[in-house]
Amino acid sequence: MEQLATLDDLPKHYVASLTQKNLVPLWPSLRNVLPPNQPIPLTQTTVWHFNEIKPLLLEAGELTPIEKAERRVLVLANPGHGLENMKATSSIYLGMQLLLPNEWAPSHRHTPNAIRLIVEGSGAYTTVEGQKCPMEHGDLILTPSGLWHEHGHHGDEPVIWLDILDLPLVYYMEASFVEGGDVQKVIGLDAGHRYAKGIVPTLHFMREKSDFPLLRYAWTDTKQVLDALANDPSYGGAAQISYINPETGHDCQKIIGYSAMRLAPKEVLPLERRSAAQVFHVIQGEIQIDINAQSHQLQKSDTACAPCFAQIDLINNSPEPAYIFVADESPLQKKLGLYSTRSRI
Ligand code: GTQ
């Protein structure tokens, strides 16, 4: 493609008179906004090690009382986007949240969608629209856009979880805001029992209606399915599951997609190059992740992100299976008609 003229090729007085009238010439910026063949992502491959986050998060527990934080979170920020912008990728926000025994993070609802992936500790819960969701290691809890949620803790050890939100996108759209509310009244059965095994509570033959019927995906269930896939010789493919909305069969949330995979000992999994940026989080075990020819070691509870069209290999060098949680921007890109894949280089 032709090299185009730059701003410096224009007379200063001409550029000044454009600026004065809120006008901008396209051609000096054309190759930036429409780069040839593939995007130039700001998202940089970044790794966050849990053993580096945890002491700082526990220190935040001593430095800042929950009443003064509301949500005690250290944000996993991508330097490529500028740390202050609190983005892991262009659309994905990641945060590690700490809740200490007897603390309460008050009820609120907001326009961005959120999920929690429980990293460590037990005894905490998130109440979503009156449904109490226990938080145990590896559980996925949804708090979709507009649903009331609060976090509490009856246990006796710190609980830490990974928050994933589409906050960067919603904020960019100038659609991000929050409302505060009162303590929620918990309604009857907890989330796990409300929509279990394909059955739902029914009142006088009337089905309960909800856009998000399932709010908690227990890790014990997910792990069982991954193990069954891996141990089924007739299945053949890589052991991977998608978290879906069981009513619609669609992705469990509208903007960010969630899945989990299992890597057997010594398994090497080359991923196809995808237009959506991705986040990887180790639920159990350890892996080597090669992103664009750079190798990184991820231990349990470590998190990494990769830019669009990255060439990624997941490698399990350990004698134990590894379980990886994945978040990506593919539901958003598919809805917008922007999703594509490329063959590996
Ligand atoms: O727990 O509701 O990391 O509202 C950022 C914003 C967590 C939450 C975050 C939030 C929350």
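- As recorded in an unreviewed UniProt entry, the protein chain goes by the name Cupin, listed as coming from Acinetobacter pragensis.

## Describing the sheet that holds strand 6 (residues 124-128)
Item 1. One open sheet holds the 5 strands; their spatial order is 7-6-9-4-11, and the pairing between them is antiparallel. Of all strands in the sheet, those bounded by a partner on one side alone are strand 7 (131-135) and strand 11 (178-180). The average angle at which neighbouring strand axes cross in this sheet is 30°, direction not considered.
Item 2. In this structure, strand 4 (residues 104-110) lies alongside strand 11, joined through 3 bridges in antiparallel fashion. Residue pairing across strands places His108 opposite Gly180, the latter belonging to strand 11.

## Brief notes about the nonpolar core
Item 1. Leu94, Met96, Ile164, Tyr243, Tyr258 and Phe325 are the most contacted members of the largest nonpolar core, which has 54 residues in total.
Item 2. Judged by nonpolar contacts, the second largest core, of 18 residues, contains Phe280, Ile312, Leu314 and Ile324.

## Focus: a nonpolar patch on the surface
Item 1. On the surface, Tyr14, Leu26, Trp27, Val33 and Leu34 cluster together to form a nonpolar patch covering roughly 510 Å² of accessible area.
Item 2. Residue classification places Leu34 among the exposed residues on the basis of a relative accessible area of 57%.

## Things to note about the state of the cysteines
Item 1. The final tally for this structure, using the stated rule, is 0 disulfides.
Item 2. Distance from the sulfur of Cys308, which forms no disulfide, to the nearest cysteine sulfur (Cys305) is 11 Å.
Item 3. Cys308 gets classed as buried once you look at its relative accessible area, which sits at 15%.

## Examining the UniProt feature "domain: Cupin type-2" (unreviewed entry) in the protein chain
Item 1. The sites that carry the UniProt feature "domain: Cupin type-2" (unreviewed entry) are, in the present numbering, residues 97-164.
Item 2. Taken as a whole, residues 97-164 contains 0% helix and 62% strand, while its terminal C-alpha atoms sit 11 Å from one another.

## Structural notes on the packing of aromatic side chains
Item 1. As enumerated under the stated definition, the model contains 4 aromatic pairs in all.
Item 2. Relative to Tyr243, the ring of Tyr217 has its centre 5.4 Å away and its plane inclined at 85°; by these criteria the two rings are edge-to-face. Residue Tyr217 is located in strand 14 (residues 216-217), and its partner Tyr243 is located in the loop between strand 15 (239-242) and strand 16 (257-263); the two are separated by 26 residues in the primary sequence. Summarising the burial analysis for this pair, Tyr217 and Tyr243 share the class buried.
Item 3. Seen from their ring centres, Tyr258 and Phe325 are 5.8 Å apart, and the 20° between their planes marks the pair as stacked. Placement of the pair is Tyr258 in strand 16 and Phe325 in strand 24 (residues 322-328), with a sequence separation of 67 residues. Assigned by exposure class, Tyr258 and Phe325 land together as buried.
Item 4. An aromatic cluster is built from Tyr217, Tyr243, Tyr258 and Phe325, whose rings are joined through pairwise contacts.
Item 5. One Lys or Arg, Lys132, reaches over the ring of Tyr125 and ends 4.3 Å from the middle of that ring.
Item 6. Over the ring of Phe309 we find Arg342; its NZ or CZ atom is 4.4 Å from the centre of that ring.

Here is what the cut-offs are and how they apply
Along every chain, residues carry numbers that run from 1 in the direction the sequence is written. Where totals are concerned, whole chains, interfaces and linings use all residues; where local detail is concerned, this predicted model gives features only for residues with pLDDT of at least 70, and gives and counts side-chain atom pairs only at 80 or more. Only hydrogens and water are set aside when side-chain values are computed; all heavy atoms of the structure are taken into account. DSSP-based pairing: two strands are paired if at least 2 bridges between them are found. In this description a helix means any DSSP run of H or I spanning at least four residues, a strand means any run of E spanning at least two, and both kinds are numbered starting from the N terminus. Here an axis means a line fitted to C-alpha atoms, over the contact stretch when the element is a helix, while the angle between two N-to-C directions is reported on a 0 to 180 degree scale. Here, nonpolar core means buried Ala, Val, Leu, Ile, Met, Phe, Trp, Tyr and Cys residues that are tied together by side-chain atoms lying within 4.5 Å of each other. Only protein chains enter the accessibility calculation, which uses a 1.4 Å probe; a residue whose area is less than 20% of its type maximum is buried, one above 50% is exposed, and one in between is partly exposed. A patch is a set of surface residues, each over 30% in relative accessible area and not in a salt bridge, joined within 9 Å for like charges and within 5 Å for the nonpolar side chains Val, Leu, Ile, Met, Phe, Trp and Tyr. Shrake-Rupley sampling with a 1.4 Å probe provides the accessible areas, and residues are treated as covered by the protein chains on show and by no other component. Counted as salt bridges are all cases of a side-chain nitrogen of Lys or Arg within 4 Å of a carboxyl oxygen of Asp or Glu. Put simply, a disulfide is two cysteine sulfurs that come within 2.5 Å. UniProt positions are given in the numbering used here, feature names are shortened, and annotations may be inferred rather than shown by experiment. Working definition: a ring pair exists when centres of Phe, Tyr or Trp rings (six-membered ring for Trp) sit within 6.5 Å. Plane angles under 30 degrees give stacked, over 60 give edge-to-face, the rest tilted. A positively charged side chain is recorded as over a ring if its NZ (Lys) or CZ (Arg) lies within 6 Å of the ring centre. The angle to the ring normal must also be within 35 degrees.

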